[in-house]
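# Structural description and commentary
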Amino acid sequence: MQETRKVFIPTDFSVNSLNVLNKLLKQSTNTIFNIVLIHGYQSTSSITDLLFFSKDSIIEKLQSTEFVEAYEVIKNAHQSIISEISIDIIPFKTKAYISNYFKYSNVDYFIISKTYELNFINKKSFDLLPYITTSSIPKKEIQINTNLISEFEQSGVISELFT
């Protein structure tokens, strides 16, 4: 019988960050995953921005075409072991908010890369790793080859990378 696990994977919305997800799914045996790609994004405190705040519009703005294509390829290639996959924004850079977000999300563990450092292009993005490392939720580290991804990303052949 396959067990279902909810995992959080930090992302910077690059194809490189998706290789962590791909490697996890390729290594998986007897596990069904509920996956949430998480991204820290410090929203402003202006009333107007808060009134019109939309996680979906922020996610759409942060995603590149290559990221969306790679995300879809991975999702389709591993649909038999993915029960659910989504992307979420953590909109406040406060320890209490982030700790509560992790605590009440019922996540089983975090998946983080041993070798890839997230590279944030948007100035409002922030690294969740310091919050993840201090969390009591278990972590699983995965080693990825980032040189391979850069090659494919530059050539524009995303689907070749994740099949």
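The structure under discussion appears in the preceding block.
Residues numbered from 1 in each chain as written. Predicted model: local features only at pLDDT ≥ 70, side-chain atom pairs only at ≥ 80, totals over all residues. Heavy atoms only, no water.

What follows concerns the overall build of the protein. Check the secondary structure of the protein and you find 8 helices and 6 strands. Burial status across the protein gives 44% buried among its 163 residues. Taking all contacts inside the protein whose residues are at least 6 apart in sequence as the whole, residues at least 24 apart take part in 84%. Summed over its atoms, the accessible surface of the protein is roughly 9,000 Å², and 48% of this surface lies on carbon and sulfur atoms. (Helix = DSSP H or I, 4+ residues; strand = E, 2+ residues; numbered from the N terminus. Buried < 20%, exposed > 50% of the residue type's maximum accessible area, 1.4 Å probe, protein only. Contact = heavy atoms within 4.5 Å. Areas by Shrake-Rupley, 256 points an atom, 1.4 Å probe, with all protein chains shown as cover.)

This brings us to helix 3 (residues 55-62). Of the residues making up helix 3, those classed as buried are Ile58, Ile59 and Leu62. Looking straight down helix 3, one finds its buried side chains confined to an arc of 100 degrees; they lie on one side. Along helix 3, the residues that are exposed and aim more than 90 degrees away from the buried face are Asp56, Glu60 and Lys61. (Arc of directions from axis to C-beta.)

Ranked by size, the top nonpolar core spans 30 residues in total, and within it Ile9, Leu18, Leu21, Leu25, Ile35, Leu37 and Ile111 carry the most contacts. Mapped by element, the contributors of at least two residues to this core are strand 1 (3-10), helix 1 (15-27), strand 2 (31-41), helix 3, helix 4 (65-77), strand 3 (82-90) and strand 4 (109-113). Here the element with the most residues in this core is helix 1; it accounts for 6 residues. Ignoring any residue separated from it by four or fewer positions in sequence, one finds Leu37 in contact with Ile9, Thr11, Leu18, Phe67, Tyr71, Ser86, Ile87 and Asp88. Counting residues in hydrophobic clusters, the runner-up holds 15 residues, among them Phe8, Phe102, Ile112 and Leu128. (Core = buried A, V, L, I, M, F, W, Y, C linked by side-chain atoms within 4.5 Å.)

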